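Reading the structure
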Amino acid sequence: VTTFFQCALWVSYALVTPDRLCPFVTNVMGVCLELLWCAVYFYFCTCKAKLFVKMGIAAGLWLALTFLDLRFVAHWALKPLEVGETLETEGLGLAAVVANIVAYASPLAVFRQVIRTRSVDSMPLGLSVATLVNSAIWFTYGFIKHDPWILSPNSCGIALGLIQVALYAVYCGGSRSIRAAPCTSADAGLLACGGASAREVAAVPREAA
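Residues numbered from 1 in each chain as written. Predicted model: local features only at pLDDT ≥ 70, side-chain atom pairs only at ≥ 80, totals over all residues. Heavy atoms only, no water.

1. Quick notes on the nonpolar core
Counting 22 residues, the largest nonpolar core has L9, W10 and V31 as the members making the most contacts within it. Of all the elements in the fold, those that place two or more residues in this core are α1 (2-16), α2 (21-44), α3 (48-71), α4 (87-104), α6 (125-145) and α7 (148-180). It is α1 that provides the largest number of residues to this core, a total of 8 residues. Discounting residues that sit within four places of it in the chain, V31 has contacts with F4, C7, A8 and V11. Listed in part, the 8 residues of the second largest apolar core include Y104, V114, L160 and Y171. (Core = buried A, V, L, I, M, F, W, Y, C linked by side-chain atoms within 4.5 Å. Buried < 20%, exposed > 50% of the residue type's maximum accessible area, 1.4 Å probe, protein only. Helix = DSSP H or I, 4+ residues; strand = E, 2+ residues; numbered from the N terminus. Contact = heavy atoms within 4.5 Å.)

What follows is the structure, encoded as C-alpha cells:
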C-alpha cells in the first residue's frame, strides 16, 4: 500500500514536470504491479476490510494532494526552483520526497535488530544491493536532469544501502555461528538451530520415536 502511494505521487509529479518520461513509465508500472499484488493479497487474506480501508486512504490521500497542488499551490506567488518548471512540480515533488524518506526510515528497525542479534537473517543481501543500485541509478538520472526532488530521496537511499551492505559485511559471520550453536533451552519452542523443543519431542508417541 505504501509503495502504491509513493508510485502514484511520482506519476503525478512526472505528469506536471516537463521531460520526465522515465519516472512516469517506471512509476506507472509500479502502480500496476502494486495493484496486482494488493489484489492477490486481498483474495487470500482474511482481513479484507482492513486492506480495503488502507487502499482507500492511500488513493484518497494521493488524489487529495494532487488536487491541492494543481488547485492552490500553482497560484502561489513563488518562483520554481528550476527554470522551465512550475509550482505544481515543486508541490508534488516535496510530497513525493517526504513519502520516500518516510519509507526509507523503515529499515532503521532492521538495522537495530541486526546489531542487537548480530545476525543478518532479517536483512537479505540481494535486497540491500538492489536498493543501493536502484538509488544510485535514479541519483544519476536526477543529477543529469538537475532535479533536486529526484536527487534528495535517492541520496538517502544510497546512504541507507551502503549502511545495509556494511552491516551485512560485519555481521554475516554471526548468522552462521548462531545456526551452528547447540540447543541449550528445552522450552524455547522454535529454536534458532532448527531443532524441536523438548516439549514437542515429549509429545511424540514412544512407538513413533
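Now that the structure has been shown, the text picks up again.
2. Let's talk about the confidence of the model for the chain
For the chain, mean pLDDT is 77; residues scoring 70 or higher make up 75% of the total. When mean pLDDT is taken per element in the chain, α2 scores highest with 91 and helix α8 (residues 198-202) scores lowest with 39. Note on residues 177-209: pLDDT is under 50 here. Beyond four places in sequence and across chains, it has 21 contacts. (pLDDT = per-residue confidence, 0-100.)

3. Some remarks on the packing of aromatic side chains
All chains considered together, the criterion is met by 4 aromatic pairs. Judged by centre distance (6.3 Å) and plane angle (45°), the rings of W37 and Y41 are tilted. Remark: Y41 and W37 occur in helix α2; sequence separation between them is 4 residues, near one turn of the helix. Ring centres 4.9 Å apart and planes at 85° place the aromatic pair Y43 and F44 in the edge-to-face group. (Phe/Tyr/Trp six-rings, centres within 6.5 Å; stacked < 30°, edge-to-face > 60°.)

4. Quick notes on the side chain of R20
Residue position: R20 is located in the loop between α1 and α2. According to the relative accessible area criterion, R20 is buried, its value standing at 7%. A distance of 2.9 Å separates a polar atom in the side chain of R20 from a polar atom in the side chain of D147. (Polar contact = N/O pair within 3.5 Å; in protein donor to acceptor, adjacent residues only side chain to side chain.)

5. Things to note about unusual backbone geometry
In this model, D19 sits at a positive phi of 60°, which is unusual for a non-glycine residue. When you line up the elements, D19 lands in the loop between α1 and α2.

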